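The primary structure of each chain is shown beneath.
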Amino acid sequence: MMAEASRPVGSAGVDLHVHSDRSDGTLTPGQLVERAAAAGVQMLALTDHDTTDGLAAARTAAAALDLELVDGVEISASWRSQTVHVLGLWIDPAAPALREGLARLARLRHERLAGMCMRLRRLRLPGTELAAALRELPGVPTRTHLAAALVRAGLVRDIGDAFRRYLGHGRPAYQRTLWPPMEEVVGWIRSAGGHAALAHPMRYRMSSGARRQLVAAFTDQGGTALEVVSGSHPGQALEAAAELARQYSLSGTVGSDFHDPALPWNPLGRLAKLPPDIEPLWARA
Ligand code: AMP
Ligand code: MN
Ligand code: MN
Ligand code: MN
């Protein structure tokens, strides 16, 4: 870790949520780190879905640059049978409970992919071939990978089309997955010495009452932060997320949720400021 003095003041230069090709991003960890540094990011967390495989390569790339790399992960979890995403930040990726948990998630993801491919087969699409192509890919399979395979096979126009027609929530190839309970996931992160932050809290489809209950449960379970500023939040969400953080005395994090330079809506490191009355998580880490 770099000297305290070079740490960012305020949230400019901080991006604590990005994806590499070890999950559903398009850049290698090294390319991602270089692009972030060029965009002025001083503190970057690599947070791939359910895997820490990219962290070593990202750390190697960061060593040559003026950039503090934070070891992270974005873990799929269940709360009242809804999917939520929990960021683990400043984790030790070698911690046994975390490693075992992520191994379990990898198995779940492979089973889920097989299930979605079977549904595609029932729709008279080449599910078997798609499944075989995805087995060749490194890292954990996500719906984005299956969507990209459908695009490559010429069966849909683009990734968005694949989600709209087949893979989105409630669409015919969608398979509900019971991810591990949020409480367990927060436990893995804490036992790996990390901070748990609830990712994009305003993106979950639920009533405002349910959202408060979610944040209350997350706080009780040992979560320490909310992702108040998120590139995958709708524009007006920041103030509502900030209000939740104040109400439950949680710290705040900021993250672009960057996946792909070709997607212009969440570029690296270009984020709204964390409101000054909210304690940044990096002040505690
Ligand atoms: P999974 O975790 O396997 O369910 O995959 C979810 C990933 O798919 C998310 O992290 C997004 O990157 C991507 N995604 C979800 N919904 C859409 C959509 N409607 N269009 C494009 N990408 C999506
Ligand atoms: Mn993703
Ligand atoms: Mn997410
Ligand atoms: Mn993400």
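Just so we're clear, the structure is a prediction, and the values are computed from it rather than from any experiment.

1. So, the pattern of salt bridges
Then comes step 1: Applying the stated rule across the entire model yields 11 salt bridges.
Then comes step 2: In this structure, R246 and E239 form a salt bridge, with 2.9 Å as the shortest nitrogen-oxygen distance.
Then comes step 3: Measuring nitrogen to oxygen at the nearest pair gives 2.8 Å for the salt bridge that ties E243 to R246. On the criterion of helical spacing, the pair formed by E243 and R246 is a turn pair, its members being 3 residues apart in helix 9 (residues 237-247).
Then comes step 4: In this structure, a network of salt bridges that share partners links the residues E239, E243, R246 and D277.

2. Side note on helix 2 (residues 55-63)
Then comes step 1: By the burial criterion, the buried members of helix 2 are L55, A58, A61 and A62. An end-on view of helix 2 places all buried positions within 125° of arc, on one side of the element. Of the residues in helix 2, the exposed ones pointing more than 90 degrees away from the buried face are A56, T60 and A63.
Then comes step 2: Looking at the buried residues of helix 2, the elements they touch are helix 1 (29-38), strand 2 (43-46) and strand 3 (68-79).

3. A few points about the coordination of the manganese ion (ligand 4)
Then comes step 1: Protein coordination at the manganese ion (ligand 4): the donors are H17 (NE2), H19 (NE2), E74 (OE) and D257 (OD), at 2.1 to 2.2 Å from the metal.
Then comes step 2: When the donor residues of the manganese ion (ligand 4) are listed from N- to C-terminus, their spacing reads H-x1-H-x54-E-x182-D.
Then comes step 3: The manganese ion (ligand 2) is placed at 4.7 Å from the manganese ion (ligand 4).
Then comes step 4: Classification of H17 as buried rests on a relative accessible area of 0%.

4. Topic: the coordination of the manganese ion (ligand 3)
Six octahedral donors around a metal ideally make angles of 90 or 180 degrees; four tetrahedral donors ideally make 109.5 degrees.
Then comes step 1: Bound to the manganese ion (ligand 3) are the protein donor atoms E74 (OE), H85 (ND1) and H200 (NE2), situated 2.1 to 2.2 Å from the metal.
Then comes step 2: Every donor residue of the manganese ion (ligand 3) comes from the same chain, spaced as E-x10-H-x114-H.
Then comes step 3: The distance between the manganese ion (ligand 3) and the manganese ion (ligand 2) comes to 5.9 Å. Here E74, found in strand 3, pairs with H200, found in the loop between strand 5 (195-198) and helix 8 (208-220); they are 126 residues apart in sequence, far enough to count as distant.

5. Regarding the nonpolar core
Then comes step 1: Grouped together as the largest cluster of nonpolar side chains are 54 residues, with contacts concentrated most on L16, I75, V86, L89, M182 and V228.
Then comes step 2: Beyond its immediate sequence surroundings of up to four residues, V228 is in contact with H233, L238, A241, A242, A245, G252, T253, L274, P275 and I278.
Then comes step 3: Grouped together as the second largest cluster of nonpolar side chains are 17 residues, L134, A162, Y166 and A173 included.

6. Digging into the site of ligand 1
Then comes step 1: Around ligand 1, a shell composed of D24, H49, R109, R112, T142, R143, T144, I159, F163 and H259 is seen.
Then comes step 2: The contact in question runs from an oxygen atom of ligand 1 to an N or O atom on the side chain of T144, over 3.0 Å.
Then comes step 3: Protein burial of ligand 1: of its 500 Å² of free accessible surface, 70% is covered by the chains.
Then comes step 4: Elements with a minimum of two residues in the shell around ligand 1: helix 3 (96-122), helix 5 (143-152) and helix 6 (159-167).
Then comes step 5: Partitioning the shell around ligand 1 into residue classes produces 2 nonpolar, 4 polar and 4 charged.

7. A word on the confidence of the model for the protein chain
Then comes step 1: Per-residue pLDDT for the protein chain has a mean of 94; in total, 97% of the residues score no lower than 70.
Then comes step 2: In this model, residues 1-5 is a region of pLDDT below 50 whose contacts with residues beyond four sequence positions or in other chains number 6 contacts.

Parameters at a glance
Residues numbered from 1 in each chain as written. Chains lettered and ligands numbered in written order. Predicted model: local features only at pLDDT ≥ 70, side-chain atom pairs only at ≥ 80, totals over all residues. Heavy atoms only, no water. Salt bridge = Lys/Arg side-chain N within 4 Å of Asp/Glu carboxyl O. Helix = DSSP H or I, 4+ residues; strand = E, 2+ residues; numbered from the N terminus. Buried < 20%, exposed > 50% of the residue type's maximum accessible area, 1.4 Å probe, protein only. Arc of directions from axis to C-beta. Contact = heavy atoms within 4.5 Å. Donors = N, O, S within 2.8 Å, 3.2 Å for Na, K, Ca; no water. Core = buried A, V, L, I, M, F, W, Y, C linked by side-chain atoms within 4.5 Å. Near = heavy atom within 4 Å. Polar contact = N/O pair within 3.5 Å; in protein donor to acceptor, adjacent residues only side chain to side chain. Areas by Shrake-Rupley, 256 points an atom, 1.4 Å probe, with all protein chains shown as cover. Nonpolar A, V, L, I, M, F, W, Y, C, P; charged D, E, K, R; others polar. pLDDT = per-residue confidence, 0-100.

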